Amino acid sequence: MNICPHLAAKDSIVMRCVANTCGLVATLVVAGNALADASGYDALVARLGSATPTGAGIGVLQMEATVTPGGEDYSPDAALAEFAGKTLTRVNNPYATSSHANFVATWLYGVNSSMAKGVTNVWVYNVNNWINENLKIDSTLPIAQPNSSVRVQNNSWLGSFGVGNEVYDREAVRRMDYIMYRDGVLAVNGENNGAGSVRYPMMGDCFNGLSVGRLDLQHSAGLTAAASDTPGRMKPDIIASGQATSYSTPVVGSAAAVLFQQAQLSGSLTASLSAMARAQLVKTALLAGATRDASWSNQAPQSGAQRGITAKPLDPVRGSGALNIDNAHKIISLERNNGASSATAATRCGANGFGSFTMSASQNLYWRFHVNQTTPSLDFVVSWPRVVTTSLSYTLANMDLKVYRGLVDATTLISLQGDAGSAFVESGNVWSQSTVDNVEIIHMNNVVPGEYVVELARVDSAGGAVQVSAGWQVDPAGFGRLGDFDNSGIVDSADLGRLLGVMGTDDPTCDVNLDGTVDSADVGSVLTNFG
């Protein structure tokens, strides 16, 4: 990577473009929507057609390190066909163009290659100028956004003030989180390239944004350093397609712009939310909607007394999983359920949905899911921001996320932790309890039919309510016909025979009315749906 110029205002700062090398990007040409397609975009377009959001009306910031040390080459070339109809405001003068900026812009808002092709207003900054003049390290509060439409900030660069100057790294990240909380902006931040490479604190250490790795896993990963605010948090947050993190990052940024447009639509489920709440919901929807395949794990033991319990909510390399814009869009557009104060009061949720709400210290909230067939996956994700004050101090809430099996209209809750839980959940985790991360993830595989109750508990004692976002996706296979035990699509003699074969037992797969026993009431339910 090329090292970009340092800031005269501090002892030194290393800035790097997060391409494989800044000079190599001109060879990394990908036709059409190849990167977007790998992120669920084709499925989104197939589902929505001409109603597919394009990021229209969403303002975007593109932060670029110069390719030439001491140079001015930080801008995309506005004359390229990819940027037709775009208004590119180069905030810092003088400027020159760079191929790195061109490729980042192509995936962030290009008319042919980006998911957010409807974005028209972009502000481009030389990141060194932005840190001095906008972020205001060791000075006054960060300045306001150039326009009220700005919702996405793309940081395809990384940096540090260096050993001995960690206080400035912490301050820079804290100021970035302050901006996101104050202005309702989501920053997407590239990790370093290369598996096992060194992580940089700026800006991947952010609490309120997303750090981005690569789908091929060739990126830095690990825990935030001892010198950071709240050390030991897991990074990256999400992975996406792209030959370098410089290009994975704007793929996530473009997905965020698409979701922001959806979230701001008049009459949408999210229209009443504040700008900050919408930004944090967009972040949560991207985390919750991510694809978690068989290789994904948040390190919960799969046997013994601790089976299903994890203090590490993310996969150590994959984060929340691979970007899937179609899943994320379903989450923020199909159903809103803010939970209930008790399990019995909770209403049953559908396959995709979200919550956006505040929680006070020691408060608990509950959601219920009823699945009729064995369900390949049931995922529930919560995230919340750290709150940075105008004095740049901060508070961070602590949440635990847990799932129970519900019986008798959720009046009885059965623990799923330990080996006993294997009767209901084949693998994954049923309890996420990090003490440092501001995200918790439940990911359960092959869940037997029945009712499941999700409990979110705020376990810190800090004062004040905190904004929380929740998102979930349940495989639609779980919502077939009640009593269709063999997933054949109809309730028939085979299903009735299976039920009769376990009469009098507590077999959870055939306890249709969830009273703890397979009995005549369950036979009646099956016969009602017969045929």
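Residues numbered from 1 in each chain as written. Predicted model: local features only at pLDDT ≥ 70, side-chain atom pairs only at ≥ 80, totals over all residues. Heavy atoms only, no water.

Trainee: Looking at this structure, how should I read the nonpolar core?
Mentor: Soluble globular proteins tend to bury their nonpolar side chains together. Ranked by internal contacts, the top residues of the largest apolar core, which has 57 residues, are V252, L286 and L323. Per-element tally for this core: the top contributor is helix α6 (residues 245-264), with ten residues. If we skip the residues at most four places from it in the chain, V252 touches V188, L210, V212, I238, A240, L286 and L323. One finds M359, V430, M444 and W472 within the second-largest nonpolar core, a separate group that totals 31 residues. (Core = buried A, V, L, I, M, F, W, Y, C linked by side-chain atoms within 4.5 Å. Buried < 20%, exposed > 50% of the residue type's maximum accessible area, 1.4 Å probe, protein only. Helix = DSSP H or I, 4+ residues; strand = E, 2+ residues; numbered from the N terminus. Contact = heavy atoms within 4.5 Å.)

Trainee: I tried to follow the pairing of strand β21 (residues 399-407) on my own but got confused; where do I start?
Mentor: Looking along a regular strand, one sees the side chains alternate between the two faces of the sheet. Burial of β21 is extensive: nine of the nine residues sit out of reach of the surface. Neither face of β21 is exposed, since M399, L401, V403, R405 and L407 on one face and D400, K402, Y404 and G406 on the opposite face are all buried. With eight bridges connecting them, β21 and strand β26 (residues 450-458) associate as antiparallel partners. By the bridge assignment for β26, R405 is matched with Y452. Here β21 pairs with strand β24 (residues 431-432) via two bridges, running antiparallel. Looking at β24, one finds that K402 is bridged to W431. Bridge analysis of β21 against strand β22 (residues 412-415) gives four bridges, and the strand direction is antiparallel. Each residue of the ladder has a partner; that of L407, found in β22, is T412. Between β21 and β22, which pair antiparallel in sequence order, lie four residues; one of them, V408, sits at a positive phi of approximately 50°. (Pairing = 2+ DSSP bridges.)

Trainee: Looking at this structure, how should I read the sheet that holds strand β27 (residues 466-474)?
Mentor: Strand pairs in the sheet, formed through backbone hydrogen bonds, run parallel or antiparallel to each other. Spatial ordering of the open sheet is given by β16-β27-β18-β25-β23, a layout of five strands whose pairing is antiparallel. Each end of this open sheet is capped by a strand with a single partner; those strands are β16 (352-359) and β23 (425-429). Averaged over all neighbouring strand pairs, the angle between strand axes comes to 15°, with direction disregarded. Sheet topology note: the strand β18 (residues 375-383)/strand β25 (residues 439-447) ladder contains eight bridges and is antiparallel. Each residue of the ladder has a partner; that of F380, found in β25, is I442. Helix α7 (residues 275-289) contacts β16, β18, β25 and β27 of the sheet and is inclined by roughly 30° relative to β27. Taken strand by strand, helix α8 (residues 325-334) contacts β16 and β27, and its axis lies near 60° from that of β16. (Axes fitted to C-alpha atoms, helices over the stretch in contact; angles between N-to-C directions.)

Trainee: How should the pattern of salt bridges be read in this particular structure?
Mentor: Oppositely charged side chains may form a pair once their charged atoms are brought near each other. Taken as a whole, this structure holds 17 salt bridges when the rule is applied. R386 is paired through a salt bridge with D229; the nearest N and O atoms lie 2.9 Å apart. With R386 in the loop between β18 and β19 (387-388) and D229 in the loop between β12 (222-223) and β13 (234-235), this pair connects stretches of sequence that are 157 residues apart. Per residue, the accessibility class of R386 equals that of D229, and both read buried. With its nearest N and O atoms 3.0 Å apart, the salt bridge here joins R368 to E451. One end of the pair, R368, is in strand β17 (residues 364-371); the other, E451, is in strand β26, and 83 residues separate them in sequence. Under the relative-accessibility criterion, R368 is labelled buried at 3%. You can call E451 buried: its relative accessible area is 0%. Linked by salt bridges that have partners in common, R174, D177, D229 and R386 make up one network. (Salt bridge = Lys/Arg side-chain N within 4 Å of Asp/Glu carboxyl O.)

Trainee: Sorry if this is basic, but what is going on with the packing of aromatic side chains here?
Mentor: Here the distance between the centres and the angle between the planes together describe a pair of aromatic rings. Applying the stated criterion to the full structure yields ten aromatic pairs. The interplanar angle of 50° and the centroid separation of 5.8 Å between the aromatic rings of F83 and Y109 together place this pair among those described as tilted. With F83 in the loop between β4 (73-75) and β5 (87-90) and Y109 in helix α3 (residues 99-109), this residue pair connects regions lying 26 residues apart in the sequence. Y109 carries the same exposure label as F83, and that label is buried. On the basis of an interplanar angle of 45° and a centroid distance of 5.7 Å, the ring pair of F357 and W367 is categorised as tilted. With F357 in strand β16 and W367 in strand β17, the pair connects residues that are ten residues apart, well separated along the chain. (Phe/Tyr/Trp six-rings, centres within 6.5 Å; stacked < 30°, edge-to-face > 60°.)

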